[in-house]
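# Per-entry structural report
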Amino acid sequence: MIKADMKRKMDIARKKVLDAIELHGGTTLLSTGITGDDARMAKAAIDAGAKLLEPNHPAVVLARGYKGVTSMHKAEQIRHEIPISEMAKVTSGVRQIAGPNIYITVGIPGGFTEVMPTILKDEDFLLMSESGADGLHVHKTSMEDLKEVVEKAHYYGLLVDAYIGHPSDLHSFGIPAETPEDVARVAVEMEEIGVDLIGLMTGMSYEGVAAGEIPEIIRERLKALVGSVRVPTLAEGGINVHNQNAFRNTGVNILVVGTAIDDMAGNAVKEAVSSFIKQ
């Protein structure tokens, strides 16, 4: 009844991603954090040239001041408590500001490997699709769970960007792969089960790094990812204005940036407010 309609929806979404990559010379930005969950900041990001946005439930924990949480680390512990209906509201608001040509992928409770197991129902996928999402930002840690999410997402017209992590990462944000060879093997399997965009969680805690550089192990892992699949690739974790070129040089297609933009926005607000307050 809706298979052709949902395939068309996904084809349109996929073109948005590919067009953004081409427009920005092979590597584009997925703007998240405050620019994904606040429609005003989303508009600012779009006005600056962003074509891909990502609202997600841990960022919404921070945005709402839920349970007094003020750090992303603590937000990750209670992100599953944000209802799907709230994520649909956030997505709908951002979509109305963004218009039809911006790609929006959304992190939702149950789309990650949550502290408290969270079941995604068919109506949840449909709700997100109807809210204006083009895709789901997924951090499952087992291929079996990921495959189930991909099948449901596709049925309801949503693309899936999913991630590869490292077994020693602080938070479990993807299918674990220890070596670059493991990264390539897992990436191929993810592509085979239908993942539309495949990302690598960088960790950025493997070793120290000079300004403007990235650790060699991260470079090797990213190159293993980029060289093993045909779908667009992403890098997420610790990307900032100083090291972005080092990431681009790996050939990755999309840089997922949230914390760096959040920090810059926070500092801008501090500076603006302090200029109105007499010391």
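Procedures and definitions
- Residues numbered from 1 in each chain as written.
- Predicted model: local features only at pLDDT ≥ 70, side-chain atom pairs only at ≥ 80, totals over all residues.
- Heavy atoms only, no water.
- Buried < 20%, exposed > 50% of the residue type's maximum accessible area, 1.4 Å probe, protein only.
- Helix = DSSP H or I, 4+ residues; strand = E, 2+ residues; numbered from the N terminus.
- Arc of directions from axis to C-beta.
- Contact = heavy atoms within 4.5 Å.
- Polar contact = N/O pair within 3.5 Å; in protein donor to acceptor, adjacent residues only side chain to side chain.
- Salt bridge = Lys/Arg side-chain N within 4 Å of Asp/Glu carboxyl O.

## Section: helix H7 (residues 122–131)
Listed in full, the buried residues belonging to H7 are Asp 124, Phe 125, Met 128, Ser 129 and Ser 131. Looking straight down H7, one finds that the buried residues subtend no more than 165° of arc, so they occupy a single side. Here the buried face of H7 lies against helix H1 (3–23), helix H6 (84–98), strand E3 (103–106), strand E4 (135–138) and helix H8 (143–155). Backbone geometry just after H7 places Gly 132 at a positive phi near 115°.

## Quick notes on the side chain of Thr 105
Counting through the fold element by element, Thr 105 comes out in strand E3. Of the residues examined, Thr 105 reaches a relative accessible area of 1% and is grouped as buried. At a separation of 3.1 Å, a polar atom in the side chain of Thr 105 contacts the main-chain amide nitrogen of His 137.

## As for the pattern of salt bridges
Counted according to the given criterion, the structure contains 19 salt bridges. A salt bridge links Lys 16 to Asp 134; the nearest nitrogen and oxygen atoms lie 3.1 Å apart. One end of the pair, Lys 16, is in helix H1; the other, Asp 134, is in the loop between H7 and E4, with 118 residues separating them in the sequence. Among the residues examined, Lys 16 registers a relative accessible area of 13% and is labelled buried. In this structure, a network of salt bridges that share partners links the residues Lys 7, Asp 11, Arg 14 and Asp 196.

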